[in-house]
Amino acid sequence: MSSTSTRASFPASSPGNAPVSSKLLSFFDKVAARPDVSVEALFRGHEALLVGQRPARVSWDVLCDLYDRLDEIGCAGTSVESFGELVLTSNSLRGVNAALAAIASPHLMYRLANKWAGRFLLRHIEVGYEEVSKRRINIEYRIPESYRDCPNFFRVNHGTSVALPTLLGCPPATVRSTIEPRYHRMEIEVAPYSNLGS
């Protein structure tokens with residue numbers, strides 16, 4: 001496979017706007033469903049998100065509050081990175097594995113996840129995506145200066161990226177992360193894979 005480089009840059013919305021899709025809150029719903037997690041502690045200060053219909057978009061600050069709280073809820077034996085893995089290993093996703101494995105590849109999964117996330121879920125995050133080889137991908141995220149930094153957002157993304165190939169029945173990816181203020185770079189290596197989408 002020849003090296004391809006696709007870098008998508010999404011301009012930040014102006015401060016005060018609500019650039020984040022509320023669909024991302026489903027991740028915290030899954031975290032809250034764990035028996036060792038207090039829903040009240042996780043959503044403290046944002047209880048309105050637990051009742052009634054959620055708005056289509058919420059502020060980045062709200063999301064950062066929830067990500068930061070992952071350190072506070074203190075689940076024994078669970079790292080922040082592991083929460084990202086739990087989302088993809090939930091039972092609700094297992095039914096699609098057979099169909100995905102027949103037509104998709106790990107590269108396609110990473111490409112779609114980052115394109116979709118960048119364009120529809122997190123419009124203010126700048127995303128860089130590079131397919132280095134058939135087994136290696138580099139992904140970069142940058143949070144603009146006008147928005148709050150959120151290291152736990154990066155750490156959860158690390159865990160999700162490790163687990164993403166398991167949706168296709170593949171081993172977890174090897175992911176080397178560099179996290180700096182407002183910046184996350186992942187160097188991802190997947191196991192050898194062959195199907196119609198590879």
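All figures in this text were calculated on a predicted structure; none of them were measured in a lab.

Student: Explain the pattern of salt bridges to me, using residue names and the numbers behind them.
Tutor: Scanning the model with the defined rule gives 14 salt bridges in all. Taking the shortest distance from any N to any O, the salt bridge between Glu72 and Arg44 comes out at 3.3 Å. In this pair, Glu72 sits in the loop between α3 (60–69) and α4 (80–88) while Arg44 sits in the loop between α2 (39–42) and β3 (57–58), placing the two residues 28 residues apart along the sequence. With relative accessibility at 43%, the residue Arg44 sits in the partly exposed group. Residues joined in a network through salt bridges with shared partners are Asp61, Asp65, Asp68 and Arg148.

Student: An account of the packing of aromatic side chains is needed here, citing residue identities and associated values.
Tutor: The description of an aromatic ring pair uses the distance of the two centres, along with the angle that the planes make with each other. The full count for this structure, using the stated rule, is seven aromatic pairs. With 4.9 Å between their ring centres and 75 degrees between their planes, Phe28 and Tyr67 make a pair best called edge-to-face. Of the two residues, Phe28 sits in helix α1 (residues 25–32) while Tyr67 sits in helix α3, which places them 39 residues apart along the sequence. In this pair, the class of Phe28 matches that of Tyr67, namely buried. Of the aromatic side chains, those joined through ring pairs into one cluster are Phe27, Phe28, Trp60, Tyr67, Tyr141, Phe153 and Phe154.

Student: How would you summarise the pairing of strand β6 (residues 174–180) if you had to cite specific residues and measurements?
Tutor: Here β6 runs beside strand β7 (residues 183–189); their pairing, made up of seven bridges, is antiparallel. Counterpart to Val175 in the pairing with β7 is Ile188.

Student: Report on the confidence of the model for the chain, specifying residues and quantitative values.
Tutor: The pLDDT averaged across the chain works out to 81; a share of 77% of its residues lies at or above 70. Note on residues 1–16: pLDDT under 50 across the span, and 42 contacts to partners over four residues away in sequence or across chains.

Student: Break down α3 for me, citing the residues and quoting the values.
Tutor: Of all ten residues in α3, seven are buried; the element is thus mostly enclosed. Among all positions of α3, only Trp60, Val62, Leu63, Cys64, Leu66, Tyr67 and Arg69 are buried.

Student: Before we move on, can you summarise the pairing of β7 with the specific residues and values?
Tutor: Pairing of strand β5 (residues 136–142) with β7 involves seven bridges; the strand directions are antiparallel. Among the inter-strand pairings, Glu140 is bridged to a residue of β7, identified as Arg185. Joining the antiparallel neighbours β6 and β7 is a turn of two residues, in which Arg182 adopts a positive phi near 65 degrees.

Rules and cut-offs
Residues numbered from 1 in each chain as written. Predicted model: local features only at pLDDT ≥ 70, side-chain atom pairs only at ≥ 80, totals over all residues. Heavy atoms only, no water. Salt bridge = Lys/Arg side-chain N within 4 Å of Asp/Glu carboxyl O. Helix = DSSP H or I, 4+ residues; strand = E, 2+ residues; numbered from the N terminus. Buried < 20%, exposed > 50% of the residue type's maximum accessible area, 1.4 Å probe, protein only. Phe/Tyr/Trp six-rings, centres within 6.5 Å; stacked < 30°, edge-to-face > 60°. Pairing = 2+ DSSP bridges. pLDDT = per-residue confidence, 0-100. Contact = heavy atoms within 4.5 Å.

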